[in-house]
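# Overview (structure and organization)
Below are the chains, spelled out letter by letter.
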Amino acid sequence: MRLKLVPSDTSIDFLRLRQVAMVFSGLLVAGSIILFSLVGLNLGIDFRGGILIEARSTAGPADISGLRGNLGKLGLGDISLQSFGAETDVLVRVQRQDGDEKAQIAAIEAITSTLGSDFDIRRTEFVGPTVGAELAQKGMLAVVCALLAIMVYIWFRFEWQFSIAAILALAHDVITTIGLFALTAFEFNLATVAAILTIAGYSINDTVVVFDRVRENMRRYKSFEQRDILNRSLNETLSRTIMTSVTTLLALLAIVVFGGAVLRDFALAMIWGVLIGTYSSVFVAVGMLSRFDLKRTMEEEDEAEGAR
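An account of the accompanying structure is given in this report. This is a predicted model, so every value here is computed, not measured.

This brings us to the nonpolar core. By size, the foremost hydrophobic cluster in this structure holds 52 residues, and its most contacted members are I154, F162, F211 and L289. Elements with a minimum of two residues in this core: α1 (18-38), α5 (129-157), α6 (160-184), α7 (190-220), α8 (226-258) and α9 (261-289). Sort the elements by how many residues they give to this core and α9 lands first, with 13 residues. Those residues in contact with L289 that sit more than four places away from it in its chain are Q161, F162, A165, F211, V214, Q226, L230 and L294. Core analysis: the second largest hydrophobic core is formed by 18 residues, A62, L81, V94 and A107 among them.

So this is what it looks like as structure tokens:
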């Protein structure tokens, strides 16, 4: 017997909630923009520059609180410690020091000396401010280029109305994800940019499935009103949407529980992305599409006539 999270004969009037969904999405986007403008993002070393040291304790589990106190006495500015992977592994992040490369090397030596012989230094990285700014610029460029490429693909795959609806839904997902990071102060780094691009890919995959069913039903049900076709398409793809979201969430929850602190922010961003992406595919993308007067092309008219 097959597992069904959603009955196969659902007839939910999704478009009845269109106005409520638009208001809710508008508040989410506005709140995200305000948070980003006023609070900003907790940029990681990838973007703001700094020192990263990965160490492993040879004398049992690492005492994070004790290490934080000892390293705080060095006067190196903002220092963050976190355990990741095994209990013996520690990740030390330190803000970029004033001065040239010698100042950074001196800070690394001071940290390794404070850690002592009970720790093996496994990795040391330094990101300068120029590299950090370049990475931030390229990260933003990657997101913008991905959104534009998706818009062009949808335009050629369907029609311009579908493209506009899809890009608005994607922009909604990206902006609210950035707002989540501004609200929670989770570290925003290159892994987060990868998460945003993955969220965009996941969301557009859901949207394309719904749009494809919309186009198919426009050919099949020539006498139906546009509102009925959109609702029918959403109901017919609802089971697939829910099943995909649930299975993806199960994998992400496993990463949150067992992946450690290093993967936590990435996994939480992805969980939010799956939830907001599923929501936007149903309410934002199709809600925006319903505002257009969709016309069949001559090819679709001929196919509809031939199917009768």
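So, on to a nonpolar patch on the surface. Together, V152, W155, F156, W160, I164 and L168 line one region of the surface with nonpolar side chains, adding up to about 630 Å² of accessible area. Counting only elements with at least two residues in the nonpolar patch, the list comes to α5 and α6. Structurally, the position occupied by I164 is in helix α6. Since its relative accessible area comes to 31%, I164 is described here as partly exposed.

Thresholds, definitions, all that
Sequence order as written defines residue numbering, which begins from 1 separately in each chain. Local features in a predicted model are, by the rule used here, given only for residues with pLDDT of at least 70; side-chain atom pairs are given and counted only at 80 or more, and totals for whole chains, interfaces and linings are based on all residues. Note that water and hydrogens are dropped before the side-chain values are worked out from all heavy atoms of the structure. We call a set of buried Ala, Val, Leu, Ile, Met, Phe, Trp, Tyr and Cys residues a nonpolar core when their side-chain atoms join them within 4.5 Å. Summary of the burial criterion: residues with accessible area below 20% of their type's maximum are buried, those above 50% are exposed, and those between are partly exposed, where the area comes from a 1.4 Å probe applied to protein chains only. Elements are defined by DSSP. Helices are runs of H or I of four residues or more, strands are runs of E of two residues or more, and each kind is numbered from the N terminus. Whether two residues touch is decided by their heavy atoms; if any such pair falls within 4.5 Å, the residues are in contact. Patch building starts from residues that exceed 30% relative accessible area and form no salt bridge, then joins like charges within 9 Å and nonpolar side chains (Val, Leu, Ile, Met, Phe, Trp, Tyr) within 5 Å. Reported accessibility uses the Shrake-Rupley method at a 1.4 Å probe radius. Residues are deemed covered only where the shown protein chains occlude them. Salt bridge criterion: a side-chain nitrogen from Lys or Arg within 4 Å of a carboxyl oxygen from Asp or Glu.

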